[in-house]
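These are the residues of each chain, in order.
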Amino acid sequence: MAPAPSFCGHRWTYNPIRGSCLLLLLVMSNLLLCQGNPCPSCGPDVFATSLRSLTDLFINAAWLSHDFHNLSKIMFKKFNEKYAQGKLYHINATKSCHTNAFHAPEDRCEAHQLNNEDLSKWTLVLLYSWNSPLYHLVTELPSRKELSETFLSSAMKMETMSDKLQAFIESHFRKIIAAVLQTMHDAASSWSGLPSLTSSDEDRRHSEMYNLFHCLHRDAGKVDTYIKILMCRTRRTC
């Protein structure tokens, strides 16, 4: 079982398997950004850095989310070319994504309609939802001799990138952790593909990996879109 994301002291704990969560008194600002301007109603402690420094941080996060999305694309493409040719894995791939129940904004136009708090919320919902699958990919791929070291290395990079993006959003927004956890709890959705991922049946195992790489690529694209919108609002270029 994947270790649940947790905060010790300043970190929160959430276990999707048990459907329970421990919320410590960690609150972030209701709205860090107000269409690119500091929120007039926010207290002076909301910002630890100047707006210019904040913009630089979001630019760095946007580059990271870009790399996150690009690596997921490469992983899916390579797996599709090597293991899915002539197979029918694609038929149910989109329908089988474990994050479908969240109904996160699908495209840039829809995402632009959301305020910064909601964008950050959906970013964390998607990233948290991939903690368990990415963990099990990293731990299971080494035992699958048919997969090259490249896949394992890429999966490990994806896990690290996801952790960094989570930490970035968590450290710059207030009052979203509870909303994120509530959204995940209400959707009652979690990844259940471990038995297939560890199956001795190669076709079943490859089908699950195809679904994972496909869904990860889709959700990484959403995360990249949300963070880039937040970034461009700090630059007033949206």
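The model shown is predicted, which means the values in this text are computed figures rather than measured ones.

## Some points on the state of the cysteines
This model, assessed by the stated rule, comprises one disulfide. Note on cysteine connectivity: Cys 97 is disulfide-linked to Cys 215, with sulfurs 2.0 Å apart. Taking the sign of the torsion about the S-S bond as the criterion, the disulfide between Cys 97 and Cys 215, at about -90 degrees, is left-handed. With Cys 97 in the loop between α1 (51–83) and α2 (108–112) and Cys 215 in helix α8 (residues 202–234), the pair connects residues that are 118 residues apart, well separated along the chain. By the burial criterion, Cys 97 is buried, and Cys 215 matches it.

## Overview of the nonpolar core
With 59 residues, the main nonpolar core has Phe 68, Phe 79, Leu 137, Leu 141 and Phe 213 as its most contacted residues. Secondary structure elements with two or more residues in this core: α1, α3 (116–129), α4 (131–140), α5 (149–172), α6 (177–187) and α8. Looking at this core element by element, the count peaks at 13 residues for α8. Apart from residues lying up to four places away in sequence, Leu 141 is in contact with His 136, Leu 147, Phe 151, Leu 152, Ala 155 and Met 209.

## Quick notes on α4
Residues lying three or four places apart along an α-helix face the same way, a consequence of the helix completing one turn every 3.6 residues. Across the 10 residues of α4, seven count as buried, placing the element largely inside the fold. For α4, the set of buried residues is Asn 131, Pro 133, Leu 134, His 136, Leu 137, Val 138 and Glu 140. As for α4, its buried residues are in contact with α3, α5, α7 (194–197) and α8.

## Details of α8
Between the first and last C-alpha of α8 there are 48 Å, a value that for 33 residues agrees with the 48 Å anticipated at 1.5 Å per step. The opening residue of α8 is Asp 201, an N-cap whose side-chain oxygen sits 3.0 Å from the backbone nitrogen of Asp 203.

## Regarding the pattern of salt bridges
Where charged atoms of side chains with opposite charge meet at close range, the side chains can pair. Across all of its chains, the model carries four salt bridges by this definition. Across the salt bridge formed by Lys 222 and Glu 106, the nearest N and O atoms sit 3.3 Å from each other. Taken together, the residues span a long stretch of sequence, with Lys 222 in helix α8 and Glu 106 in the loop between α1 and α2 at a distance of 116 residues. Take Lys 222: its relative accessible area is 6%, and that puts it in the buried class. Overall, the relative accessible area of 51% leaves Glu 106 in the exposed class.

## Quick word on unusual backbone geometry
Even without being a glycine, His 103 presents a positive backbone phi close to 55 degrees. On the secondary structure map, His 103 appears in the loop between α1 and α2. We classify His 103 as exposed; its relative accessible area is 63%.

## Focus: the packing of α3 against α6
When two helices pack together, their arrangement is given by the angle between the helix axes and the distance between those axes. Two elements in contact, α3 and α6, have axes whose closest approach is 9 Å; the angle formed by their N-to-C orientations is 55 degrees. What the angle tells us is that α3 and α6 run oblique. Considering how the two elements wind past one another, α3 and α6 form a crossing that is right-handed. Contacts between α3 and α6 involve Lys 121, Trp 122, Leu 124, Val 125, Tyr 128 and Ser 129 from the first element and Ile 177, Ala 179, Val 180, Thr 183 and Met 184 from the second. Across the contact of α3 with α6, the residue classes break down as eight nonpolar, two polar and one charged.

## Considering the side chain of Glu 208
Note on placement: Glu 208 falls in helix α8. No salt bridge is formed by the buried Glu 208; its nearest oppositely charged neighbour, Arg 204, is found at 7.1 Å. In this structure Glu 208 touches Trp 191, Gly 193, Ser 196 and Leu 197, once residues within four positions along its chain are discounted.

## Some details on the packing of α4 against α5
Across the interface, α4 lies against α5 with an axial gap of 9 Å and an inter-helix angle of 150 degrees. One way to sum up the angle between α4 and α5 is to call them roughly antiparallel. Note that α4 runs across α5; the crossing there is left-handed. Along its contact with α4, which presents Asn 131, Leu 134, Tyr 135, Leu 137 and Val 138, the element α5 presents Leu 152, Ala 155, Met 156, Met 158, Glu 159, Ser 162, Asp 163 and Gln 166. When the residues that make up the contact of α4 with α5 are grouped by side-chain class, the tally is eight nonpolar, three polar and two charged.

## A few points about the environment of Ser 207
On the secondary structure map, Ser 207 appears in helix α8. Along the backbone, Ser 207 and Tyr 89 are 118 residues apart, and their C-alpha atoms lie at a distance of 5.6 Å.

What counts and how
Residues numbered from 1 in each chain as written. Predicted model: local features only at pLDDT ≥ 70, side-chain atom pairs only at ≥ 80, totals over all residues. Heavy atoms only, no water. Disulfide = S-S within 2.5 Å. Helix = DSSP H or I, 4+ residues; strand = E, 2+ residues; numbered from the N terminus. Buried < 20%, exposed > 50% of the residue type's maximum accessible area, 1.4 Å probe, protein only. Core = buried A, V, L, I, M, F, W, Y, C linked by side-chain atoms within 4.5 Å. Contact = heavy atoms within 4.5 Å. Expected span 1.5 Å × (residues − 1). Polar contact = N/O pair within 3.5 Å; in protein donor to acceptor, adjacent residues only side chain to side chain. Salt bridge = Lys/Arg side-chain N within 4 Å of Asp/Glu carboxyl O. Axes fitted to C-alpha atoms, helices over the stretch in contact; angles between N-to-C directions. Parallel < 35°, antiparallel > 145°, perpendicular 65-115°, else oblique. Left-handed = near helix turned anticlockwise from the far one by under 90°. Nonpolar A, V, L, I, M, F, W, Y, C, P; charged D, E, K, R; others polar. Lys, Arg positive; Asp, Glu negative; His and termini not counted.

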